[in-house]
Amino acid sequence: MHLFISDIHNIKIDLSNVNITTNEENNWFSENFFVKYSYPFEISITPELNAALGDILSNNSSFNTIIEGQYYFYDKIEKATLIISSIEGNTATFELKYGYDEFPNFDKKLQDIKFETYTVDDIYYYANTIIHQKYPQTIVQFPQIVTEKYRKEDDLWKFFEGRLNNRKDGLFIKNTISEDDRMMNLNIIHPCVYLKHAIIKGFAEVGFMVEGDFLSNELINNVLLFSPKDLYTKRELDQSLKIEIMSTDEPVWKNYFKGTHDAHWAKTINIPLKGKYNIIGQIEIEGVVLNGRPGGYGIKHNSTYIKQQRIGGEKRFFFIDLEIIVNNDNETVTVDLTSVYTPGREEIFANIQILPIYYINDDGSKESGIINSNVIDVARSLPDITFGQLVTTVSNLFNLDLSVKGNIVTLNYKVDSIYDNMVHDFRKFEQVYPVINFKSDQKFLLEYEENDEEKLYDKVYIDNKGAKIIKPKESISEIENTISINASPLLYDTNTVKSHSESTDSLNLIIYKGLINENNYADVPTPLLLPNIYEYYHRDWLEFRIQAKNYTPTFVCQIEDILKVSIKDRIFMYNNYHLIQNISRQQKSKDLFEIELSTETLKV
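Residues numbered from 1 in each chain as written. Predicted model: local features only at pLDDT ≥ 70, side-chain atom pairs only at ≥ 80, totals over all residues. Heavy atoms only, no water.

**So, the overall build of the chain**
Looking only at helices and strands, the chain has ten helices and 49 strands in total. Computed over its C-alpha atoms, the radius of gyration of the chain comes to 36 Å, more than 25% above the 25 Å expected for a compact globule of 604 residues. C-alpha extents for the chain along the principal axes are approximately 120 × 70 × 50 Å. Buried residues in the chain amount to 50% of all 604 residues. For the chain, long-range pairs separated by at least 24 residues make up 71% of all intrachain contacts whose partners lie at least 6 apart in sequence. Just so you have it, the chain exposes about 29400 Å², and 45% of that area is on carbon and sulfur atoms. When the 62 positive and 87 negative side-chain charges of the chain are each reduced to one mean point, those points stand 4 Å apart. (Helix = DSSP H or I, 4+ residues; strand = E, 2+ residues; numbered from the N terminus. Rg over C-alpha atoms; globule rule 2.2 N^0.38 Å. Buried < 20%, exposed > 50% of the residue type's maximum accessible area, 1.4 Å probe, protein only. Contact = heavy atoms within 4.5 Å. Areas by Shrake-Rupley, 256 points an atom, 1.4 Å probe, with all protein chains shown as cover. Lys, Arg positive; Asp, Glu negative; His and termini not counted. Charge placed at Lys NZ, Arg CZ, Asp CG, Glu CD.)

Quick look at the structure:
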């Protein structure tokens, strides 16, 4: 049975006698997880098929050129898409894509996946409670991370100690108001999500369970994902509170007397948030006494003057430094002044800022400008990448094979998967003089993706002589077979790891195994550095690739000879075990196929 069926469109196309060639690639040798397609094939359109397809032979009709359905290849049934490429006369050209073109939610942002969101009573206490736990007891952790993102030159961060999840003497440091009323923003509480949970939850959203070596790997069990996002809540004014009065502003009144111009100005600003504020700045004015109105200024909180000064006929400079308590939202501060001015000349009479010292909660308690939320939003803690990017990166890093059967996704080490799969005896299809391509000149490069400005990580270059470490600043010619891993382990710095990027779409990895000498320090990232990753996860596979020989056998066979062959199975021919890189099946007649393989010999 060789069919395409679309129940939605009531279409059934018998492919048993169609000259169709299907192609399938082994994702062990490809950048794509799922690659199955047909080359264009032609079918004569019968009246019945024409009607089912929406009258495609008519120039006046509109119809779908992409039809979703199922592809039946004898006992194999897969989701498929039939594409109408062109029509000439009563003959249509089609293409077929089948299997997973892409996993159902691979293009979905991690933030759009339904990860957990939960509220705790006190984030500092909660973090301290779970700091010794591991997954699956907890899905997040709070390791210390050094950061230079928040600058002490900013008043908000003047007392910040340069670490996320800062913990001393057995407790996470809290942001407080000091006895002398200063905002002490000392710490940012930043949850990091376990890699294993992100993978399991992402697949679970579309109904799949995860199995395989990925779940039992001790290193992966301890890997956290970090994104340098601002997960705290910044309690701040929507705009800076500033009062500036200039000679060119419209005055309340103005006067001219005996060659002298003077005027009175006033400006008011709302303070939207309750708290304690510092009114600070400068006023420079000149008085006049000839008209009986001396110069001066006044500062009001709501309707009450908190500072007033009158001057005679001289120019005076005043430095303003006052404090007020705002107990209600949208209270006001007003600055008014009277001064001599020169028409046409721009002068600044007052430049005043109103800066928060601390804020006041509804219960009357004091609060700093940085609030570590009691809500843990797992999705928000993850980097701004898609689930497919995460799976691809993890698979490349640990050299994993991803396979799907039913609702089970299996992530196994590629080198182990080779020997778990079936072997098929293909000796009867051997040719006397096969074409053999040798692979010993192949070169590979294993690298973490980095920008050109800052190189931090060693690379590993591999050829038939072995592996060589390429230092971060060392140049190397372009290597065609480059395994580029879009992630980076945070490097060690002062007892723990340091964030060296502010990009929220970067996938940063942290190893955390629990408290170290009672401190929540991250582990040294050596196991995630590429020399170790190569040794434990890539060496056997890449050595096999370099030592392998490539065969491209072509033969004609009955369907029963190839029906049970899966793309990741092994075949035995030419006195060697082979891995299949690519298999092409051209239907010659019903149940008869011409097979073209591309294989690599397997070292045993």
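From this point, the narrative continues.
**What to know about unusual backbone geometry**
Here the residue pair Tyr135 and Pro136 is connected by a cis peptide bond, since its omega of 10 degrees sits within 30 degrees of zero. Inspection of the secondary structure puts Pro136 in the loop between helix H2 (123–130) and strand E10 (140–141). One non-glycine residue with positive phi stands out, namely Asp55, at about 60 degrees. When you line up the elements, Asp55 lands in the loop between helix H1 (47–52) and strand E6 (66–73). The exposure class of Asp55 is partly exposed, given its relative accessible area of 32%. Positive phi is not limited to glycine here, since Tyr74 has a value of about 60 degrees. Assignment of secondary structure puts Tyr74 in the loop between E6 and strand E7 (76–88). Exposure remark for Tyr74: the relative accessible area of 13% places this residue in the buried category.

**Considering the sheet that holds strand E37 (residues 444–448)**
A sheet is described by the order of its strands in space; here four strands give the open sequence E39-E38-E37-E40, paired in mixed fashion. In this open sheet, the two edge strands, each paired with only one partner strand, are strand E39 (466–470) and strand E40 (481–485). Within this sheet the neighbouring strands show an average axis-to-axis angle of 15 degrees, counted without direction. In the sheet, strand E38 (residues 459–463) pairs with E39 via five bridges, with the strands oriented antiparallel. Its bridge partner being in E39, Tyr461 is matched across the sheet by Lys468. Each of E37, E38, E39 and E40 is contacted by helix H9 (residues 530–547), which is oriented at about 155 degrees to E37, the strand it contacts most. (Pairing = 2+ DSSP bridges. Axes fitted to C-alpha atoms, helices over the stretch in contact; angles between N-to-C directions.)

**Structural notes on the nonpolar core**
Formed by 123 residues in total, the largest nonpolar core has its most connected members in Phe142, Phe203, Ile283, Leu390, Phe398 and Leu528. Counting 41 residues, the second-largest nonpolar core is a separate cluster that includes Phe41, Ile56, Phe73 and Leu597. (Core = buried A, V, L, I, M, F, W, Y, C linked by side-chain atoms within 4.5 Å.)

**Some points on the packing of helix H3 (residues 195–204) against helix H7 (residues 387–398)**
Packing of H3 against H7 brings their axes to within 11 Å, and their N-to-C directions diverge by 130 degrees. Here H7 runs oblique to H3, going by the angle between their axes. Pair H3 / H7 crosses with left-handed handedness. Taking contact as the criterion, the partners of Leu195, Ala198, Ile199, Gly202 and Phe203 in H3 are, on H7, Phe387, Leu390, Val391 and Val394. Partitioned by chemical class, the residues of the contact of H3 with H7 number eight nonpolar, one polar and no charged. (Parallel < 35°, antiparallel > 145°, perpendicular 65-115°, else oblique. Left-handed = near helix turned anticlockwise from the far one by under 90°. Nonpolar A, V, L, I, M, F, W, Y, C, P; charged D, E, K, R; others polar.)

**Side note on the sheet that holds strand E26 (residues 304–311)**
With antiparallel pairing, the five strands of this open sheet are ordered in space as E22-E23-E28-E25-E26. Edge positions in the sheet fall to strand E22 (253–257) and E26, since each has one partner strand and no second. Taken pair by pair, the neighbouring strands of this sheet meet at an average axis angle of 10 degrees, ignoring direction. One ladder, built from six bridges, connects strand E25 (residues 295–301) with strand E28 (residues 331–340); its direction is antiparallel. Looking at E28, one finds that Ile299 is bridged to Val335.

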